[in-house]
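Here's the letter readout for the chains.
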Amino acid sequence: MQFTVRNNYKFKLSSGQVLLAAAFLSLLFRIYGISERPLHTDEAVNSIKLKYLIEDGVYKYDPVEYHGPTLYYFSLIISTISGVEKFEEINEIILRAVPVLISLILFWVLYLVKDSLEKSTIYISTVLIMVSPYFNFYSRYYIHEMPFAVIAFLLIGSLFNQFRSAKISWSVSTGVFAGLLFATKETSLIVFFALFVAIVSLRFHKAINLKLLLVSLTSFFVTAVVFFSSFFSNLQGALHSIIALENYFFKSAMNTEHIQPFYYYTKLLSYNYFKGLIISEVFVLIFAVIGIILVFRKAERSPNILLIKFISIFTIVYWIILSAIPYKTPWNILIGWIGLLIISAHGITYTYNFIRSRNLRIVFTVIVITNIFYFGFQTYLTSYKYSSESDNPYTYSQPTTEIYELTGEIDNILRYDNMLRIAVIAEDNQYWPLPFYLRKAENVAWNSSPNSELFKFDLILAEPKYIEEITNILYNLPQPGKIDLYVPFTEHEISIRPGLKMTSYIKHDVLVKFKNSSNYIYND
């Protein structure tokens, strides 16, 4: 008797498995060397806001200067899991793990809408999100922008599914995501407006069910109030969230420090010259334009076409508004860029399908893969090798690694004497990100100018322009016989960030005692 075995088994990966694998690889890429770039000023400010939540369990929304509370509550979860009980125990890894992990949720967004996108579009979107140098750089940045961008696309996915299925669960999640978005940044109003334009343009508003709309509005209101009121411990916070809108738009109109031309974001993502190379994602922009043109040539209302149309209208409106606002920082366009990555994936898919020649398809595939590898190389340069360089196109008033030279020496002394009295002096209190790096010091005075009590401090960090005034205070104000000798603490001025240098002086007897202690490390 003869047996014949036929093996027709074919190994296949589902969309979910591909997205899960992509999330895992992205986690490895984004967590690597995450602490090597010094904290940006905004990152340091956010860390201090988190400090009060960790140590005192208190957060109060500030409508004048800072953004919403979601970033800090997400950070509290990571800090708690990490066993952090005091602010001094926190570090760059714990802080930046928050945007890294949140950035991975974008792959889940693609899974939520997998029935409304072609598989090839999902897979190409996944790869572009993994390797995009711009996206990767800001996925390692402890600011509100990554949570803001990902929540915006959670909202888009939920909203689109709500229009398709009219399920109450999608109505609830739509309201929750809208509430989280509002509780993250004041510019959520721009997102809401762009979504409104997309809804009306595609006539989705005609399918709105009043009951489901009320469900969404209720979940939006509850979510926003819960976060702005700090879980009902500060009910004024909810009211302040409305007041903040006027303040934000007034500030963005009046602030001249961050004024940039209309084309700023387009240039940022299309052409930069860095270390003898061109840093550019113009490949994405080209196929995004192709994707937009092609998708509006079709009159179909199939889910595959409708979602890309929806994202296209939303992205175009959002990009135009952000470009028209004079106040610009490089991370602000992140939502628009995610939209373009997805649209570009659709453009690449359509172009490939349009090409009939097998040889031309091979050439096109090689071009796409070459650009993907070049994006990965750009990510290596901008996010790893030169992540803190001032001419890096994605850095913005970035502190230099010289700050480690200063704060490393201070940490050594603090191990010997954590009660060391430190005075920091910088005009207009612009000493950031030093408050984060001096978090282990118990006695720090933060000043905008020298004061008459300086001679009571062991270590003085100050802008060089104050040296003469500081010298006069140290050697003329103390009583005779009680004058201490101060010596340079570092060999040269330390560049904290562009536009801010610090000189440092320490009491001679304090330095001698430290050098004679077992904590002192000799540098040959």
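Here goes a summary of the coordinates provided. (Residues numbered from 1 in each chain as written. Predicted model: local features only at pLDDT ≥ 70, side-chain atom pairs only at ≥ 80, totals over all residues. Heavy atoms only, no water.)

## What about the packing of helix α13 (residues 282-295) against helix α16 (residues 358-385)?
The cut-off we apply is this: Whenever a helix is involved, its axis is fitted only over the stretch in contact; in every case the axis is a line through C-alpha atoms, and angles between N-to-C directions fall within 0 to 180 degrees. What counts as a helix is a DSSP run of H or I of at least four residues, what counts as a strand is a run of E of at least two, and both are numbered from the N terminus. Geometric relationships in this document are graded by angle, where less than 35 degrees denotes roughly parallel, more than 145 denotes roughly antiparallel, 65 to 115 denotes roughly perpendicular, and other angles denote oblique. Here, two residues are considered to be in contact whenever any of their heavy atoms come within 4.5 Å of each other. For this classification, the nonpolar set comprises Ala, Val, Leu, Ile, Met, Phe, Trp, Tyr, Cys and Pro, the charged set comprises Asp, Glu, Lys and Arg, and every other residue, Gly included, is treated as polar.
Axis separation between α13 and α16 bottoms out at 10 Å; the angle between their running directions is 135°. Relative to α16, α13 is oriented oblique. Only Phe364, Ile367, Val368, Asn371 and Phe375 of α16 make contact with α13, whose side of the interface consists of Phe283, Val284 and Phe287. In the contact of α13 with α16, the residues fall into seven nonpolar, one polar and no charged.

## A closer look at the environment of Ile413
Of note, Ile413 is situated in helix α17 (residues 402-416). Expressed as a C-alpha distance, the spacing of Ile413 and Tyr327, which sit 86 residues apart in the sequence, is 42 Å. Those residues in contact with Ile413 that sit more than four places away from it in its chain are Leu420, Phe489, Ile506 and Phe514.

## Here's the deal with the layout of surface pockets
Here is the rule: A pocket, in this scheme, is an open set of points on a 1 Å grid over the protein atoms alone with protein on both sides within 12 Å along at least 5 of 7 lines, while a cavity is a set where a 1.4 Å probe fits but cannot get out; residues line either one if an atom lies within 4 Å of a point. Grid points are joined across faces, edges and corners, and a volume is the space filled by probe spheres set on the points.
Computed from the structure, the second largest pocket encloses a volume of approximately 580 Å³. Leu159, Thr174, Ile199, Leu213 and Ser216 are, among the 22 residues lining the second largest pocket, the residues nearest its centre. For the lining of the second largest pocket, the secondary-structure elements that each account for two or more residues are α7 (145-165), α8 (168-182), α9 (188-201) and α10 (210-228). Its residues assigned to classes, the lining of the second largest pocket shows 16 nonpolar, six polar and no charged.

## Quick word on a nonpolar patch on the surface
Stated formally: Exposure above 30% relative accessible area and the absence of a salt bridge qualify a residue for a patch, where like charges join within 9 Å and nonpolar side chains (Val, Leu, Ile, Met, Phe, Trp, Tyr) within 5 Å. Shrake-Rupley sampling with a 1.4 Å probe provides the accessible areas, and residues are treated as covered by the protein chains on show and by no other component. Each reported salt bridge corresponds to a side-chain nitrogen of Lys or Arg within 4 Å of a carboxyl oxygen of Asp or Glu. Each residue is placed in one exposure class: buried if its accessible area under a 1.4 Å probe, protein chains only, is under 20% of its type's maximum, exposed if it is over 50%, and partly exposed if it falls in between.
Taken together, the side chains of Ile208, Leu210, Leu213, Leu214 and Leu217 define a hydrophobic patch exposed on the protein surface, amounting to about 460 Å² of accessible area. Locating Leu213 in the fold gives a position in helix α10. When its relative accessible area of 34% is taken as the criterion, Leu213 is described as partly exposed.

## Quick word on the packing of aromatic side chains
Test applied: Pairing of aromatic side chains here covers Phe, Tyr and the six-membered ring of Trp, requires ring centres within 6.5 Å, and sorts the geometry by plane angle: under 30 degrees stacked, over 60 edge-to-face, intermediate tilted. The criterion for a charge sitting over a ring is simple: Lys NZ or Arg CZ within 6 Å of the ring centre, and within 35 degrees of the ring normal.
Per the stated rule, a full pass over the model turns up 40 aromatic pairs. With centroids separated by 5.8 Å and ring planes inclined at 55°, the aromatic side chains of Tyr32 and Tyr384 adopt a geometry described as tilted. On the criterion of sequence distance, the pair formed by Tyr32 in the loop between α1 (15-31) and α2 (41-56) and Tyr384 in helix α16 is long-range, its members being 352 residues apart. For Tyr32, a relative accessible area of 58% corresponds to the exposed category. Aromatic ring contacts, followed pair by pair, group Tyr134, Phe137, Tyr138, Tyr141, Trp331, Trp337, Tyr394 and Tyr396 into a single cluster. We note Lys275 situated over the ring of Tyr386; from NZ or CZ to the ring centre the distance is 4.8 Å. Lying across the ring of Tyr352, Arg361 places its NZ or CZ 4.5 Å from the centre.

## What to know about unusual backbone geometry
Cis geometry is adopted by the peptide bond preceding Pro433, which originates at Trp432 and carries an omega value of 10°. In this fold, Pro433 is placed in the loop between β3 (421-425) and α18 (434-437). At Lys275, a residue that is not glycine, the phi angle is positive and equals roughly 55°. By the element assignment, Lys275 lies in the loop between β1 (272-274) and β2 (277-279).

## Observations regarding the pattern of salt bridges
With the rule as written, the count across this model stands at eleven salt bridges. Glu43 is the salt-bridge partner of Arg96, the closest N and O atoms lying 2.9 Å from each other. Placement of Arg96 in helix α4 (residues 92-112) and of Glu43 in helix α2 is noted, with a sequence separation of 53 residues between them. You can call Arg96 buried: its relative accessible area is 0%. A salt bridge links Lys51 to Glu55, with the nearest nitrogen and oxygen atoms 3.1 Å apart. In this pair, Lys51 and Glu55 both sit in helix α2, four residues apart, roughly one turn of the helix. Residue classification places Lys51 among the partly exposed positions, given a relative accessible area of 23%. Among the residues examined, Glu55 registers a relative accessible area of 36% and is labelled partly exposed.

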